[in-house]
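Listed below, chain by chain, are the residues.
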Amino acid sequence: MSAPDTIVLIHGFWVTPRSWEQWASHYEKRGYRVLTPAYPGFEVEVESLNADPAPIEKVTVQQILDSLETLVRGLDRPPVLIGHSAGGVFVQLLLDRGLGAAGVALNSAPTEGVAVVPLTQIKAAFPVLKNPANRHRAVGLTFAQWHYAFTNTFPEEESRALYQRYAVPASGSIFWDSALATLRPGHQSTYVNYHNDDRAPLLFVSGEQDHLMPPKVQQSNARHYKSNTVTEVKEFAGRPHLLPAAPGWEEIADHALDWALSHTE
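Residues numbered from 1 in each chain as written. Predicted model: local features only at pLDDT ≥ 70, side-chain atom pairs only at ≥ 80, totals over all residues. Heavy atoms only, no water.

## Some words on the overall build of the chain
Which entries qualify depends on this criterion: In this description a helix means any DSSP run of H or I spanning at least four residues, a strand means any run of E spanning at least two, and both kinds are numbered starting from the N terminus. Note on classification: 1.4 Å probe, protein chains only; a residue is buried when its accessible area is under 20% of the maximum for its type, exposed when over 50%, partly exposed between these limits. Whether two residues touch is decided by their heavy atoms; if any such pair falls within 4.5 Å, the residues are in contact. Each accessible area is a Shrake-Rupley result for a 1.4 Å probe, and residues are judged covered by the shown protein chains and nothing else.
When its secondary structure is counted, the chain shows eleven helices and eight strands. The buried share among the 265 residues of the chain stands at 55%. In the chain, the proportion of contacts linking residues at least 24 apart, taken out of those at least 6 apart, comes to 77%. In the structure as shown, the chain presents an accessible area of about 11,200 Å², 50% of it carried by carbon and sulfur atoms.

Have a look at this one:
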């Protein structure tokens, strides 16, 4: 197999592809083609989604996955897949479908069956889960909620600037469905086959100070994989949830790509 020449960066909830702006430029300087696909309906700017969150209310996991799968299957070579938060789930789903040369999940949300729920995660997710009516809405975060969930290690001024530049509402429907997936019979939208021996190598990257998806979540997710494939976990000290913009993000970006390339040789 030829070495990957393309990197696909998949964003998570409460942000858009704009959150990858530094990583995209960094990887392009290293000579790679970088794609930052938006969820269906998220192709507009942050400001437009905040003014009209209707596309966020309508989007489904299957629509997002279908869109990403079409993109990846259309490439000449299997790419490196890197996803943040909910994007980490989509990386796992794509790998399970035989796509990608290697995958990296940054502060990933859990796939189906991962039932670890740390207290900080409950607090960070409370704005969505506190009201069942949020299942039918796009739910935004106040600045205080954003700071706790995404940028708790940042100075307030820097955190507020990132809030204004990146933050959009998230799909209450998808969030609630993910929270209930383990309790429902049968396979749900975030199901992966943890025994799939044909899956490409997968690295979980955790930020030690992440409140929304703490390291315990990634550690548990990784332990669920029983296949004869590479599954590893790397934790970065002092890092929050928003790894794409955290201080020292270059170190994380280079580690993620170098790990992926070393496992595709």
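## Here we look at the sheet that holds strand β3 (residues 80-84)
Sheet strands associate in pairs through backbone hydrogen bonding, adopting either a parallel or an antiparallel arrangement. As a reminder of what qualifies: Any two strands with at least two DSSP-identified bridges between them are counted as paired. Only the stretch in contact is used when a helix axis is fitted, and all axes are lines through C-alpha atoms; the angle between N-to-C directions ranges over 0 to 180 degrees.
Read across the sheet, six strands follow the order β2-β1-β3-β4-β7-β8 without closing on themselves; strand pairing throughout is parallel. Each edge of the sheet is formed by a strand with only one pairing partner; in this case those strands are β2 (33-35) and β8 (231-236). Direction aside, neighbouring strands of the sheet carry axes that sit 20 degrees apart on average. As paired elements, β3 and strand β4 (residues 102-106) share five bridges and run parallel to each other. The residue bridging glycine 83 from the neighbouring strand is alanine 105, located in β4. Packed onto the sheet, helix α5 (residues 86-96) meets β1 (6-10), β3, β4 and β7 (202-207) and runs at close to 145 degrees relative to β3.

## Overview of the packing of aromatic side chains
This is how the line gets drawn: Two aromatic rings from Phe, Tyr or Trp, using only the six-membered ring of Trp, form a pair when their centres are within 6.5 Å; if the ring planes differ by under 30 degrees the pair is stacked, by over 60 it is edge-to-face, and anything between is tilted. Remark: a charge is flagged as sitting over a ring if the NZ atom of Lys or the CZ atom of Arg is within 6 Å of the ring centre and within 35 degrees of the ring normal.
For the structure shown, the criterion picks out eleven aromatic pairs. Centre to centre, the rings of tryptophan 20 and tryptophan 23 are 5.3 Å apart; their planes meet at 70 degrees, and the pair counts as edge-to-face. Residue class for tryptophan 20 comes out buried when judged on its relative accessible area of 1%. Overall, the relative accessible area of 0% leaves tryptophan 23 in the buried class. Grouping aromatic residues by their ring pairs yields a cluster made of Trp14, Phe143, Trp146, Phe150 and Tyr163. Across the ring face of phenylalanine 143, the terminal group of arginine 160 is positioned such that the distance to the ring centre comes to 3.9 Å. Seen from the ring of phenylalanine 236, lysine 234 lies directly overhead, with NZ or CZ sitting 5.3 Å from the centre.

## Describing the environment of tryptophan 249
Note the threshold: By the criterion applied in these results, polar contacts are pairs of N or O atoms within 3.5 Å in which, for protein atoms, one can donate a hydrogen and the other can accept it, and in which residues neighboring in sequence qualify only through two side-chain atoms.
By secondary structure assignment, the location of tryptophan 249 is in helix α11 (residues 249-262). A sequence separation of 227 residues divides tryptophan 249 from glutamine 22, and the C-alpha atoms of the two residues are 8.7 Å apart. Here tryptophan 249 is in contact with Gln22, Trp23, His26, Leu243 and Pro244, once residues within four sequence places are set aside. Among the polar contacts listed, one links the side chain of tryptophan 249 to the side chain of glutamine 22, at a separation of 3.2 Å.

That's the geometry; what it means functionally is another story.
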